[in-house]
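Descriptive structure summary
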Amino acid sequence: MRALLYSLFSLFMVAPAMAQGTAAQQAACERDAERLCSEAIPDAIAIEKCLAANMRSLSAACRRQFKPRR
């Protein structure tokens, strides 16, 4: 199951400008996506929207991935 989720997260988008979430984004948000957005897998856009909609429930590490980069 973990291998499947990891391969699905290669499509995962946290920031719209990055079409394939980075390794850091995947590591930060994988557990949150499993916990909060399992129904959205494998749709990367739906995962991103689900995580954004659940911002208050995200881990601090995942929440940081949604902050704009400067």
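Refer to the structure presented above.
Here the structure is a predicted model, which means the values were calculated and not measured.

We now examine the side chain of Q25. With respect to the element layout, Q25 can be found in helix α2 (residues 23–37). Classification of Q25 by relative accessible area gives buried; the value is 1%. A distance of 2.6 Å separates a polar atom in the side chain of Q25 from the backbone nitrogen of T22.

Once that is clear, we can look at the state of the cysteines. Following the criterion strictly, the structure yields 2 disulfides and no others. Disulfide pairing is shown between C37 and C50; the S-S distance is 2.0 Å. The S-S bond linking C37 to C50 shows a torsion near -90°; that makes this disulfide left-handed. Remark: C50 occurs in helix α3 (residues 44–53) and C37 occurs in helix α2; sequence separation between them is 13 residues. Each of the two residues, C37 as well as C50, counts as buried. Here the bonded cysteines of the protein are numbered in sequence order, and their pairing is 1-4, 2-3.

Turning our attention to unusual backbone geometry. In the segment running from I41 into P42, the intervening peptide bond is cis, with an omega of 20°. When you line up the elements, P42 lands in the loop between α2 and α3.

One can describe the packing of α2 onto α3 by two numbers: an axis separation of 10 Å at closest approach and a directional angle of 85°. In this view, α2 runs roughly perpendicular relative to α3, as classed from their interaxial angle. Contact with α2, carried on its side by C29, D32, A33, L36 and C37, involves I47, C50 and L51 of α3 and no other residues of that element. A class-by-class count of the residues in the contact of α2 with α3 yields 7 nonpolar, no polar and 1 charged.

Another aspect to go through is α3. Residues spaced three or four apart along an α-helix point in a common direction, a consequence of the helix completing one turn every 3.6 residues. All buried positions along α3 are accounted for by A44, I47, E48, C50 and L51. Each buried residue of α3 sits inside an arc of 165° when the element is viewed along its axis, so together they form one side. Opposite the packed face of α3, turned more than 90 degrees from it, sit the exposed residues K49 and A53. Of the residues flanking the start of α3, the one acting as N-cap is D43, its side-chain oxygen 3.1 Å from the backbone nitrogen of I45.

How each quantity is defined
Residues numbered from 1 in each chain as written. Predicted model: local features only at pLDDT ≥ 70, side-chain atom pairs only at ≥ 80, totals over all residues. Heavy atoms only, no water. Helix = DSSP H or I, 4+ residues; strand = E, 2+ residues; numbered from the N terminus. Buried < 20%, exposed > 50% of the residue type's maximum accessible area, 1.4 Å probe, protein only. Polar contact = N/O pair within 3.5 Å; in protein donor to acceptor, adjacent residues only side chain to side chain. Disulfide = S-S within 2.5 Å. Axes fitted to C-alpha atoms, helices over the stretch in contact; angles between N-to-C directions. Parallel < 35°, antiparallel > 145°, perpendicular 65-115°, else oblique. Contact = heavy atoms within 4.5 Å. Nonpolar A, V, L, I, M, F, W, Y, C, P; charged D, E, K, R; others polar. Arc of directions from axis to C-beta.

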